[in-house]
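Coordinate inspection notes
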Protein chains: 2
Amino acid sequence: MAIGRSPSVKDVAASAGVSLGTVSNVMNRPEVVSPATRERVERAMAELGFVRNESARQLRAGTSRTLAYVMLEGSNPFFHDVAAGIEMAAEDSDLSLFICNSNGRSGREEVHLDRLMQQRVQGILITPVDPGARHLADIARRGIPVVIVDRVGESGAFCSVAVDDVLGGRIAVEHLVEQGHSRVAVIGGPESIGQVRERLEGARQVWAELGMKPDDLTYLPTAEMTVAEGRSAGERLAGLPARRRPTAAFCANDLLALGLLQQAIGAGLRIPEELAIVGFDDIEFAAAAAVPLTSVRQPRQELGRAAAGLVLDEATNPAHEHQQLTFVPELVARASTVARPRAY
Amino acid sequence: MAIGRSPSVKDVAASAGVSLGTVSNVMNRPEVVSPATRERVERAMAELGFVRNESARQLRAGTSRTLAYVMLEGSNPFFHDVAAGIEMAAEDSDLSLFICNSNGRSGREEVHLDRLMQQRVQGILITPVDPGARHLADIARRGIPVVIVDRVGESGAFCSVAVDDVLGGRIAVEHLVEQGHSRVAVIGGPESIGQVRERLEGARQVWAELGMKPDDLTYLPTAEMTVAEGRSAGERLAGLPARRRPTAAFCANDLLALGLLQQAIGAGLRIPEELAIVGFDDIEFAAAAAVPLTSVRQPRQELGRAAAGLVLDEATNPAHEHQQLTFVPELVARASTVARPRAY
DNA sequence: TTGTAAGCGTTATCAT
DNA sequence: ATGATAACGCTTACAA
């Protein structure tokens, strides 16, 4: 039943009684071939079960029909939403999307990048472990379009798409202060993650500008941005002396916030009365939490879409100029900070 | 700065003053080339920034170094966990993994499948919209290894890896009955989804076997397996007259359960005292919920790993026989069904 | 409108 | 140990 090897244009040509070139024309410029022969060729293709060999096409064409996205953390739905946005854009341009996951490890990232180069992908979208990494610059120098997603490239050597993380941190903490909190925890880490640094930075900035006491902003570092670390931060929070204990927390992403929320509810705290919580990203699960989570929303799919637009521009437009797109994050207030939420 | 085209083996050969074949040997059988020339070639490669062209390699080799997974719903973390398992196995065999998402639409699925064939992937893993679909059988008939994941192929025409969904439904409902519930809701849909049918089937079976009254098992159909539909099912549940209202619910997946949980807590119900909830899949967010969710665990990564093993066997072992691997699901009891959970 | 032939970058076979 | 050469399946001039 199984065939030795799959039929090639040559086989189709033989079967249809035409030449190689004609078969190719049927596929690539059907208008130049007469309806009669075209139909004959198409029938032959169907009969033989011909499937075009993309490698051969690509070898000849010199260009592939694929984009790639190297995500930072497969376990964070945020990145999958970004990927979904990219995929839509890719689909619109009739491109395939290759998705890789570095899992925060620079080594894996490099391995993936290497393979993608071998595959001659049209462009690479990446949320890098380190935007300053040598291997990233190397790729860009080769002329392969690279776009940094969710992070601003430091050198301006590539395009980037991100939200203003500093602003995000600001509006989160500003919101908490508006709600009457005067002792706030900021939770996140490690600080080697740029997004974390900037979100914390924004939080500190606005805290100072609003004239709050520096000591009343407590930083609780975490080793990762996970639910488990959020729970652990909650325990540390609970361990603080009541007088100094923050009445609100700003978490650098939603996974941390979800973990904190779980720990707090488990400990019997009323949310938001005894502890208010703001997350970051606004993933689906934020709104789906038992106490819906206030979060700083990133336009996740939009981010991906815009990034895809930039790679494609770089890939096809000779006049392309690198640009850093910045989206404005938006606070989505829910029950975890306000008893009667403005949004749900 | 940017180079016209990237250097080929030919360029490397010229630069190193050796022949084409020698360069190829350095890459593929380094042991046959003398250390001196090998080093010379390697230096030339580094200087020129040579990157092997995978299309050409593949065209020549006739086979690609990629596996593909077509997932059913990108918005459900369950599938990403399966994908992670596949990826690990792929990595072990030095293969790349191409991830696609059909989003439950048969049309998208077919488009992806088509592209994957053109790419000549080594094998396809898929959680299909419809395991009986024509296009799936067509691919298998072409001799491309296809493995059905999280669903049993109907015809035995391909390998499959799944958990016993009927059993899963059984242990979920058995657990609820053990906890003393005599009115239970089963929530899920649409019934066109095989997993749903079987989980419900198991629920009904065990309900009857335990001698419970048929009318006390209420089926609440949903249009999708999402958090939003879970919430909506919760509202319908709340609308039932108190006498007939179930005191426990078995949801066909965790997203539904999470939605139901949210709705119930929002409505002021105490969990599990006033409503006990069991989900299915045991995704990370089940354990992370405010009230940790009891769930029927699927060995998500294991599923992926095993499936990858089967495709690889089919791809490489001439004596390969199709097989249907079935894992045994396991109940993970948490606070959403037991006041003092056995596990956390 | 259709056929012929060259070439994309690699690998493998056969000489040397 | 190294070099020359054919072949993989396709696209695209160019010729007929």
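Keep in mind that this is a model prediction, so the values were computed, not measured.

All names here are of chain A. Along the chain, glutamine 263 turns up in helix H11 (residues 254-266). In this structure glutamine 263 comes out as buried when scored by relative accessible area, which is 16%. Contact partners of glutamine 263, with chain neighbours within four places excluded, come to Arg231, Gly234 and Glu235.

This brings us to the pairing of strand E8 (residues 248-251) of chain A. Residue and element names in this part refer to chain A. Where burial is concerned, the two faces of E8 agree: the one with Ala248 and Phe250 and the one with Ala249 and Cys251 are both buried. Relative to E8, strand E6 (residues 184-188) is paired through four bridges, and the arrangement is parallel. By the bridge assignment, valine 184 is partnered in E8 with alanine 248. In this sheet, strand E9 (residues 276-281) lies alongside E8 in parallel orientation, the contact comprising three bridges. Bridging across to E9, alanine 248 finds its partner in alanine 276. Taken together, E8, H11 and E9 form a β-α-β motif whose crossover is right-handed.

As a further point, take the domain arrangement of chain A. Much of the literature gives interface size as the accessible area that the parts lose upon coming together. Here chain A is described as being made up of domain 1 (9-52), domain 2 (64-163 + 300-328) and domain 3 (165-299). Here domain 1 of chain A and domain 3 of chain A have C-alpha centroids that lie 63 Å from each other.

Before going further, it helps to examine the protein's contact with DNA strand D. Around DNA strand D, a shell composed of 25 residues is seen, among which Val9(A), Arg60(A), Ser19(B), Thr22(B) and Thr37(B) lie nearest. Here the atoms of DNA strand D within 4 Å of the protein split so that 72% fall in sugar or phosphate, with bases taking the remainder. The contact in question runs from a phosphate oxygen of DNA strand D to an N or O atom on the backbone of Val32(B), over 3.5 Å. Looking at the surface near DNA strand D, the elements that each hand over two or more residues are helix H2 (20-28) and helix H4 (54-61) of chain A together with helix H2 (20-28) and helix H4 (54-61) of chain B. When residues in the surface near DNA strand D are grouped by element, the largest group, five residues, is from H2(A). Among the residues forming the surface near DNA strand D, the class breakdown is ten nonpolar, ten polar and five charged.

Another point: the packing of aromatic side chains. Residues and elements named next belong to chain B. The tally for this structure, following the rule as stated, stands at six aromatic pairs over all chains. When the ring of phenylalanine 78 is compared with that of phenylalanine 79, the centres are 5.1 Å apart and the planes differ by 75°; the resulting orientation is edge-to-face. According to the relative accessible area criterion, phenylalanine 78 is buried, its value standing at 1%.

A few words on the side chain of Asp281(B). Assignment of secondary structure puts Asp281(B) in strand E9 (residues 276-281). Those residues in contact with Asp281(B), other than ones at most four positions away along the chain, are Asn76(B), Phe78(B), Arg199(B), Asn253(B), Asp254(B), Ser295(B), Val296(B), Arg297(B), Gln298(B) and Arg300(B).

In this section: the relation of the copies chain B and chain A. Note on the copies: chain B fits chain A at an RMSD of 0.1 Å, the axial shift is 0.0 Å, and the rotation between them is 180°. Taken together, these values place the two copies in the relation of a two-fold axis. In terms of proximity to the rotation axis, the leading residue of chain B is Ser55(B), whose C-alpha is 2.4 Å off the axis. Both copies present the same face, since 100% of the interface residues in chain B are matched by interface residues at the equivalent positions in chain A.

The next thing to look at is empty space enclosed by the protein. One pass over the structure, following the stated rule, counts three cavities of 30 Å³ or more. Considering only enclosed or pocket space, the largest cavity measures out at about 140 Å³ in volume. Forming the boundary of the largest cavity are 14 residues, of which Ala289(A), Ala290(A), Ala288(B), Ala289(B) and Ala290(B) lie nearest the centre. Taken together, the residues of the lining of the largest cavity sort by class into twelve nonpolar, two polar and no charged. Roughly 110 Å³ of volume is contained in the second largest cavity. Elements with a contribution of two residues or more to the lining of the second largest cavity: helix H5 (77-92) and strand E2 (96-101) of chain A together with strand E2 (96-101) and helix H6 (106-118) of chain B. Among the elements that line the lining of the second largest cavity, the one with the most residues is H6(B), at five residues. Of the residues belonging to the lining of the second largest cavity, the class tally is eight nonpolar, three polar and four charged.

All right, on to the protein's contact with DNA strand C then. Around DNA strand C lies a shell of 25 residues, among which Ser19(A), Thr37(A), Arg60(A), Val9(B) and Arg60(B) are the nearest. In DNA strand C, atoms within 4 Å of the protein come 69% from sugar and phosphate. Separating a sugar or linking oxygen of DNA strand C from a backbone N or O atom of Val32(A) is a distance of 3.5 Å. One of the side-chain nitrogen or oxygen atoms of Arg60(B) is found 2.6 Å away from a base oxygen of DNA strand C. Secondary-structure elements contributing two or more residues to the surface near DNA strand C are H2 and H4 of chain A together with H2 and H4 of chain B. Residue contributions to the surface near DNA strand C peak at four residues, all from H2(B). Across the surface near DNA strand C, the residue classes break down as nine nonpolar, ten polar and six charged.

Here the focus is the packing of helix H10 (residues 227-239) of chain B against helix H11 (residues 254-266) of chain B. All names here are of chain B. It is at 6 Å that the axes of H10 and H11 come closest, and there the two elements cross at 50°. Taken together, the axes of H10 and H11 are oblique relative to one another. You can see that H10 and H11 cross each other, and the crossing is right-handed. Across from Val227, Glu229, Gly230, Arg231, Gly234, Glu235 and Leu237 in H10, the residues of H11 making contact are Leu255, Leu256, Gly259, Leu260, Gln262 and Gln263. For the contact of H10 with H11, a count of residues per class yields five nonpolar, five polar and three charged.

We now examine the pairing of strand E3 (residues 123-126) of chain A. Residue and element names in this part refer to chain A. What you see with E3 is no split at all: Gly123 and Leu125 on one side and Ile124 and Ile126 on the other are buried throughout. Two elements, strand E1 (residues 66-71) and E3, share four bridges in a ladder whose sense is parallel. Note on E3: the bridge partner recorded for alanine 68 is isoleucine 124. Handedness of the crossover joining E3 and strand E4 (residues 146-149) through helix H7 (residues 134-141) is recorded here as right-handed.

Our next topic: the interface of chain B and chain A. Residue-level contacts link 47 residues of chain B with 47 residues of chain A. Both sides together, the interface formed by chain B and chain A hides about 4,200 Å², and carbon and sulfur atoms give 53% of it. A salt bridge links Arg115(A) to Asp94(B), with the shortest nitrogen-to-oxygen separation between them at 3.9 Å. Per-class residue counts for the side of chain B that touches chain A are 24 nonpolar, twelve polar and eleven charged.

For the rest of this paragraph, the subject is the environment of Ser19(B). Mapping Ser19(B) onto the fold places it in the loop between helix H1 (9-16) and H2. When its relative accessible area of 42% is taken as the criterion, Ser19(B) is described as partly exposed.

Take the pattern of salt bridges next. Counted by the stated rule, this structure contains 32 salt bridges over all chains. The closest approach of N and O atoms between Asp282(A) and Arg334(A), which form a salt bridge, is 3.0 Å. Placement of Asp282(A) in the loop between E9 and helix H12 (284-287) and of Arg334(A) in the segment after strand E12 (330-332) is noted, with a sequence separation of 52 residues between them. Of the two residues, Asp282(A) and Arg334(A), neither departs from the other in class, the shared state being buried. Across the salt bridge formed by Arg43(B) and Glu39(B), the nearest N and O atoms sit 3.2 Å from each other. Taken together, the positions of Arg43(B) and Glu39(B), both in helix H3 (residues 35-48) and four residues apart, correspond to about one turn of that helix. Relative accessible area serves as the criterion here: at 45%, Arg43(B) is assigned to the partly exposed category. In the salt-bridge network here, residues are joined through shared partners; they are Arg134(A), Asp138(A) and Arg141(A).

Calculation rules
- Numbering of residues starts from 1 in every chain and runs along the sequence as written.
- By the order in which they are written, chains take letters starting at A while ligands take numbers starting at 1.
- Two thresholds apply to this predicted model, a pLDDT of at least 70 for residue-level local features and 80 or more for giving and counting side-chain atom pairs, whereas whole-chain, interface and lining totals are computed over all residues.
- To get the side-chain values, take all heavy atoms of the structure and skip hydrogens and water.
- Only DSSP runs of H or I with at least four residues qualify as helices, and only runs of E with at least two residues qualify as strands; both kinds are numbered from the N terminus onward.
- Think of it in three bands: with a 1.4 Å probe and only protein chains considered, a residue is buried below 20% of the maximum accessible area for its type, exposed above 50%, and partly exposed in between.
- In this description, contact between two residues means that some pair of their heavy atoms is separated by no more than 4.5 Å.
- Between any two strands, pairing holds if DSSP finds at least two bridges.
- With its strands directed away from the observer, a crossover is right-handed exactly when the path from the first strand over the helix to the second travels clockwise.
- Reported domain spans reflect what an automatic or database domain assignment gives.
- When we say a residue is near a molecule or strand, we mean one of its heavy atoms is within 4 Å of it.
- Pairs of N or O atoms are called polar contacts if they sit within 3.5 Å, as long as, within protein, a hydrogen donor faces a hydrogen acceptor (for residues adjacent in sequence, only side-chain-to-side-chain pairs).
- Each residue is assigned to one of three groups, with Ala, Val, Leu, Ile, Met, Phe, Trp, Tyr, Cys and Pro labelled nonpolar, Asp, Glu, Lys and Arg labelled charged, and all others, Gly among them, labelled polar.
- Two rings from Phe, Tyr or Trp (for Trp, the six-membered ring) form a pair when their centres sit within 6.5 Å of each other. Planes less than 30 degrees apart are called stacked, planes more than 60 degrees apart edge-to-face, and all others tilted.
- Least squares is used to superpose the copies, and the fit set is the C-alpha atoms of residues whose pLDDT is at least 70 in both copies.
- Any residue with an atom within 4 Å of a point lines the site, the site being either a cavity, points on a 1 Å grid over the protein atoms alone where a 1.4 Å probe fits but cannot get out, or a pocket, an open set with protein on both sides within 12 Å along at least 5 of 7 lines.
- Grid points are joined across faces, edges and corners, and a volume is the space filled by probe spheres set on the points.
- Between the N-to-C directions of two axes lies an angle of 0 to 180 degrees, each axis being a line fitted to C-alpha atoms and, for a helix, fitted only over the stretch in contact.
- Any angle that falls under 35 degrees is termed roughly parallel, while one over 145 is termed roughly antiparallel, one within 65 to 115 roughly perpendicular, and all others oblique.
- Here a crossing is called left-handed whenever its near helix is offset anticlockwise from the far helix by less than a right angle, and right-handed whenever the offset is clockwise.
- Buried area: the sum, over both parts, of the accessible surface (1.4 Å probe) that disappears when the two are put together.
- Within this document, salt bridges are pairs made up of a side-chain nitrogen of Lys or Arg and a carboxyl oxygen of Asp or Glu, the two lying within 4 Å of each other.

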